[in-house]
Amino acid sequence: TGLAVGMGVGQALLVLLAAYTVMPAKDPLLNICMDAKHHKTKPGPEGMLHNQCAPWKDNACCTANTSLEAHKDQSNLYNFNWNHCGLMPPKCKSHFIQDTCLYECSPNLGPWIDQADSSWRRERILHVPLCKEDCEEWWEDCKDYVTCKENWHKGWNWATGTNRCPWGSMCRPFSHVFPQPKDLCEKIWSNSYKYTTEHRGSGRCIQMWFDPAQGNPNVVVAKYYAWKKRSSPAWMEDVTPETDKAVCALPWPVLVLLPLALVVLLERAGGCGSHGWGSL
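For the structure given in this document, a descriptive report is provided here. (Residues numbered from 1 in each chain as written. Predicted model: local features only at pLDDT ≥ 70, side-chain atom pairs only at ≥ 80, totals over all residues. Heavy atoms only, no water.)

## Structural notes on unusual backbone geometry
The criterion, for reference: Secondary structure follows DSSP: runs of H or I at least 4 residues long count as helices, runs of E at least 2 residues long count as strands, and numbering of each begins at the N terminus. In this scheme, a residue with accessible area under 20% of its type's maximum is buried, one over 50% is exposed, and one in between is partly exposed, where area comes from a 1.4 Å probe on protein chains only.
Of note in this structure, Ser190 is not a glycine but carries a positive phi near 50°. Within the secondary structure, Ser190 is located in the loop between α6 (181-187) and β6 (193-195). Overall, Ser190 belongs to the buried group, its relative accessible area being 16%. Phi is positive for Asn191, which is not a glycine, with a value near 65°. Positionally, Asn191 belongs in the loop between α6 and β6.

Right, here's the structure in full:
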């Protein structure tokens, strides 16, 4: 009986050890905020996020004030004026507001965070796979608006402190500047987004628009692409020795329990026969 009890204790300790060793380390690509001008250092709940930014209120990288500024025609966030070629129609502007809310508030863009070389942010997003519907509805609702530029990130005339069309440029319909939805989504913010044929709810594309009552669909998308990125050879090469140590380090309960489990097993079994290990 003593042998059986001892074996049971030893096996229980080893099961506990196994449970600790397979516990995943915190994924550095998930639930994070980028290092940019208005972002919080880490995501968390916000009591009140304004209007179109509200879907992120349970876990956001933006503050309530940032969400309010995101809705203004002349926002203090970046002094950017949507109405550079006349008044932007409300249905078109709603997509740009939603785009701003996603950028400022989402904690699910980690797999696409890239280094930035601008004075106002150290990180940006690059090639975020945008759902087909989000991109096409954006283009459809904006195609009759006019603009003078294809890339809205750079090349503006900032002489007055806000963006104005550069000298010599012409205001043209969106549908001329961006002939297809893909052109709009990929070019307007220097490839921040990537046009995809994936649909909302597929778990394979990021949604700008979603119903928070159904949960945030971008959580599972970020997990999928984080897994893909970790599985790629390029990611493995980028892992620093320090990161390796952090991921592989055993938590203290494991270090305490390991010798105890071995002692119990060896004492009760009378040696380190293969049966004790093989039954795990």
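Next comes the rest of the description.
## Notes on helix α7 (residues 218-231)
Just so we agree on the cut-off: The length a helix should cover is 1.5 Å for every residue beyond the first. As used here, the arc is the angular range of directions from the helix axis to the C-beta atoms. Between two residues, a contact is recorded if the distance between any of their heavy atoms is within 4.5 Å.
Taking 1.5 Å per residue as the helical rise, α7 with its 14 residues ought to reach 20 Å, and the 20 Å between its terminal C-alpha atoms agrees with that figure. Those residues of α7 lying buried are Asn218, Val221, Ala222, Tyr225 and Ala226. Angularly, the buried residues of α7 cover 130° about the axis, an arc narrow enough to put them on a single face. Turning to α7, the residues buried within the fold contact α3 (90-105) and β3 (128-130).

## Structural notes on the side chain of Asn157
Stated precisely, the cut-off is as follows: In protein, a polar contact means a hydrogen-donor-capable atom and an acceptor-capable atom, both N or O and within 3.5 Å, with residues adjacent in sequence counting only if both atoms are side-chain atoms; elsewhere, any N or O pair within 3.5 Å suffices.
Within the secondary structure, Asn157 is located in the loop between β4 (146-147) and β5 (172-173). For Asn157, the side chain forms a polar contact with the main-chain nitrogen of Ala159, separated by 3.0 Å. Ignoring sequence-local partners within four residues, the contact set of Asn157 consists of Thr162, Asn163, Arg164, Cys165, Pro166 and Trp167.

## Brief notes about the nonpolar core
Basically, it comes down to this: Within this scheme, the nonpolar core is defined by two criteria: the residues are buried Ala, Val, Leu, Ile, Met, Phe, Trp, Tyr or Cys, and they are joined through side-chain atoms within 4.5 Å.
The biggest cluster of nonpolar side chains holds 48 residues, and the ones touching the most others in it are Phe96, Trp138, Trp152 and Trp189. When residues of this core are traced back to their parent elements, those giving at least two are α3, β3, α4 (132-142), α5 (174-177), α6, β6 and α7. Looking at which element gives the most residues to this core, the answer is α3, with seven residues. In this structure Trp138 touches His95, Phe96, Asp99, Leu130, Leu184, Cys185, Ile188, Trp189, Tyr193 and Met208, once residues within four positions along its chain are discounted.

Nothing here speaks to function; it is geometry throughout.
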